[in-house]
Amino acid sequence: MSAEPVEIVLDIDAAMAWIGAESWLLPPPSRFWHALAERFGDRFVHVLPKGALSRREEVQRAVSAAARRGAEAVVGRVQLAGGRCSAFLSRPQMLAYLPLAPGALLCRADAAARAAADISDAWDPHWARDLALALARRGPVVPFDCSLAGPGDEAPTASRLPPDRARLGPHSEEGGFILVYGRLGASTSLYFDGLPMAERARIRMLEPGDLFSDLHWLAAASLVIVVRGFEFAERNGALDLLLELGTPVLWFTDDDFIVLGRDSASLGHYRAETVRRFAARLVGIVTTSAPLAGALAHYHRDVTIMPLAADPVLLARRPAVPGHRAAVVGGGFRAKALRDVVAPAARAEGVRLIVPAGLPHAPFDALRLPFEGDFAQFVFRWQAEAPFALLHPQGDSANIANKSRGTLLVAAYLGAVPIVAQEPAYHGLAEEDGVLTAGGAVADWQAQIARLNDTGFQREMLARLDGWVARACKADAAGVVLRQLAAKARNDGPLAAADRLGRALESRALQQALPRQSAPVRHWRRLSASLGRRIDRLVNRR
């Protein structure tokens, strides 16, 4: 790969000249990307809009950063309305359809051609965002601090695509789209990204904003799935709006928030009576494990377990040959076992660890990598380190019994053999499934890590893990459950969706969302509510 990027000034006429077509024909953008690939192969190209200023020094630094990381694309920062800067990197931003300035893209020509297979849109002001989204879906993307677009570029005027461009509205005769609404990351990716295309096409994913920016999405949806913590949907008025519109709502959660609320002041909102009140507004609850389904059955009679769904794109990109490091995943509630048990065992075997940046008690010599908000980018980044094992320390939380087996699918994506603690989620699994289990002693973990020094055994275990994934993470099985959930959606047409939007604009929920208090007063009210929850938590502990 050449380190010298190719700079191309692009407008519609120039693009058509590359393709050899008249501008009035307007063939799809994919034709242009394929033409670039034929000319430049694996060289980086920086496509600038006509009239933009060249920033060669910044572009050269960005290409160098991509080469170091083995990435195929760089996405720079773009200026949004109101002066806020944001990088097109995380899944929440991608799924919120952040429009990019045309000059914010820098990618390998052949990577653009491969990604273009996912682009079906015609030329319009959002072509750069289309390509960036397709590139991020297929391979690692490197963020860049500087704007790769010149100062003369037109800045985006909104943080989301307009409703018609986002294809809001009924997807097919079977009904409208299903909106997955909440903070999006590993929890949703492990269950929704690997769905069969027929079911995945009905889903739109939206990272929440205020009620005004989310209004079109909420009004057009035939079914809304609120993800994990639901306090945001109560606060921004989304739940009130959906209740007014009669839109069915599901709750997807992979944790028991009542149990978590007892351990964390920040989750003190999730008391039993709060969850019961919320559940009364739902048509069902979706969980990820049988114990969690049993716990939440006390709050709703309709509880569904969503199986894991393997994403073939992530599986296909895993390293062919494992390296010499071991990855550690998990939250802060696993940090004590990492410090006292797992890290000493790895050190005794001369194994360096890869840990999420910010994880407490990580060894000083561990390689710290960001745990990306975008799950696919997290997998791509960690795949580049080719860990031979994925270590999952014992967790210190009352919620452990509700955990799913998602960590094993992550291990398969990384091409790493999982070594897990003896937790309920892994009961019934054995070496025949490609899973190694370790007890609470340093010697237990050291012995299991040492076994993977045998490369033949390591390959055999990984093959067994692939077999487990093929059996337990079938896309078709997840698709059946998604169709069961979709049966709860309203089955109406475009006229009904337009009518809902009209009612949403006149809704009481929208009127109540209008700011009627000064910022200091609203801040004080939030602090008072937080203090009240902390006091309640202390009183309840007595």
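Note that this is a predicted model, so its numbers are computed, not measured.

How each quantity is defined
- Residues numbered from 1 in each chain as written.
- Predicted model: local features only at pLDDT ≥ 70, side-chain atom pairs only at ≥ 80, totals over all residues.
- Heavy atoms only, no water.
- Axes fitted to C-alpha atoms, helices over the stretch in contact; angles between N-to-C directions.
- Helix = DSSP H or I, 4+ residues; strand = E, 2+ residues; numbered from the N terminus.
- Parallel < 35°, antiparallel > 145°, perpendicular 65-115°, else oblique.
- Left-handed = near helix turned anticlockwise from the far one by under 90°.
- Contact = heavy atoms within 4.5 Å.
- Nonpolar A, V, L, I, M, F, W, Y, C, P; charged D, E, K, R; others polar.
- Phe/Tyr/Trp six-rings, centres within 6.5 Å; stacked < 30°, edge-to-face > 60°.
- Buried < 20%, exposed > 50% of the residue type's maximum accessible area, 1.4 Å probe, protein only.
- Lys NZ or Arg CZ within 6 Å of the ring centre and 35° of its normal.
- Pairing = 2+ DSSP bridges.
- 1 Å grid on protein atoms, 1.4 Å probe; cavity = no way out; pocket = protein on both sides within 12 Å on 5 of 7 lines; lining within 4 Å.
- Points joined across faces, edges and corners; volume = space filled by probe spheres on them.
- Core = buried A, V, L, I, M, F, W, Y, C linked by side-chain atoms within 4.5 Å.
- Arc of directions from axis to C-beta.

The next point concerns the packing of helix α18 (residues 406–414) against helix α20 (residues 455–472). Two elements in contact, α18 and α20, have axes whose closest approach is 10 Å; the angle formed by their N-to-C orientations is 125°. It follows from the interaxial angle that α18 and α20 lie oblique. Of the two elements, α18 crosses α20, and the hand of that crossing is left-handed. For the pair α18 and α20, contact is made by Leu408, Leu409, Ala411 and Ala412 and by Leu465, Trp468 and Val469, respectively. Split by residue class, the contact of α18 with α20 holds seven nonpolar, no polar and no charged.

Okay, the packing of aromatic side chains next. Within this structure, the stated rule accounts for 13 aromatic pairs. With centroids separated by 5.4 Å and ring planes inclined at 65°, the aromatic side chains of Phe192 and Phe252 adopt a geometry described as edge-to-face. Placement of the pair is Phe192 in helix α7 (residues 186–192) and Phe252 in strand β10 (residues 249–252), with a sequence separation of 60 residues. Note on accessibility: Phe192 and Phe252 belong to one class, buried. With 5.0 Å between their ring centres and 55° between their planes, Phe257 and Tyr270 make a pair best called tilted. Note that Phe257 is positioned in helix α12 (residues 257–263) and Tyr270 in the loop between α12 and α13 (272–279), a separation of 13 residues in sequence. As far as the burial class goes, Phe257 and Tyr270 line up, both buried. The ring of Phe380 is capped by Arg317, whose NZ or CZ atom sits 5.2 Å from the centre of that ring.

To continue, consider unusual backbone geometry. With a phi close to 55°, Arg228 is a non-glycine residue in the positive phi region. Of note, Arg228 is situated in the loop between β9 (223–227) and α10 (231–235).

Moving on, we get to the environment of Ala421. Tracing the sequence through the fold places Ala421 in strand β17 (residues 417–421). Along the primary structure Ala421 and Pro393 are separated by 28 residues, whereas in three dimensions their C-alpha atoms are 5.6 Å apart. In contact with Ala421, other than residues within four places in its own chain, are His392, Pro393, Gln394, Tyr426, Thr437, Ala438 and Trp445.

With parallel pairing, six strands are arranged side by side in an open sheet as β8-β7-β9-β10-β11-β12. Among the strands making up the open sheet, the edge pair consists of β8 (203–206) and β12 (303–305). Neighbouring strand axes in the sheet, compared pairwise and without regard to direction, differ in orientation by 25° on average. For strand β7 (residues 178–181) and β8, the ladder comprises four bridges, and the chain directions are parallel. Each bridged residue has a counterpart across the sheet, and for Leu179 the counterpart in β8 is Arg204. In the packing of helix α9 (residues 211–220) onto the sheet, the strands contacted are β7 and β8, and the crossing angle to β7 comes to about 140°.

Moving on: empty space enclosed by the protein. By the definition in use, this model includes one cavity of 30 Å³ or more. Roughly 30 Å³ of internal volume is contained in the largest cavity. Around the largest cavity, the lining residues are Val328, Val329, Gly330, Gly331, Arg334, Ala335, Leu338, Leu359 and Pro393. Tallied by class, the residues present in the lining of the largest cavity amount to six nonpolar, two polar and one charged.

Let us now look at the nonpolar core. Grouped together as the largest cluster of nonpolar side chains are 56 residues, with contacts concentrated most on Phe192 and Met306. With seven residues, α18 is the single largest residue contributor to this core. Those residues within four positions of Met306 in sequence are excluded, and the remaining contacts are Tyr191, Phe192, Leu195, Phe252, Val286, Thr287, Thr288, Ala478, Val481 and Leu485. Membership of the second largest hydrophobic core comes to 38 residues, among which are Ala219, Phe230, Leu292 and Ala509.

Look at helix α16 (residues 335–348) against helix α19 (residues 442–451): their axes get within 8 Å of each other, and the N-to-C directions meet at 45°. Classed by the angle they form, the pair α16 and α19 counts as oblique. By crossing handedness, the relation of α16 to α19 is classed as right-handed. Between α16 and α19, the contacting residues are Asp340, Val341, Val342, Pro344, Ala345, Ala346 and Ala348 on the first element and Val442, Trp445, Gln446 and Ile449 on the second. For the contact of α16 with α19, the class distribution of residues is nine nonpolar, one polar and one charged.

Before going further, it helps to spend a moment on helix α11 (residues 238–245). Of the positions making up α11, those classed as buried are Ala238, Leu239, Leu241, Leu242 and Leu245. Seen along its axis, α11 keeps its buried residues to an arc of 160°; they face one direction.

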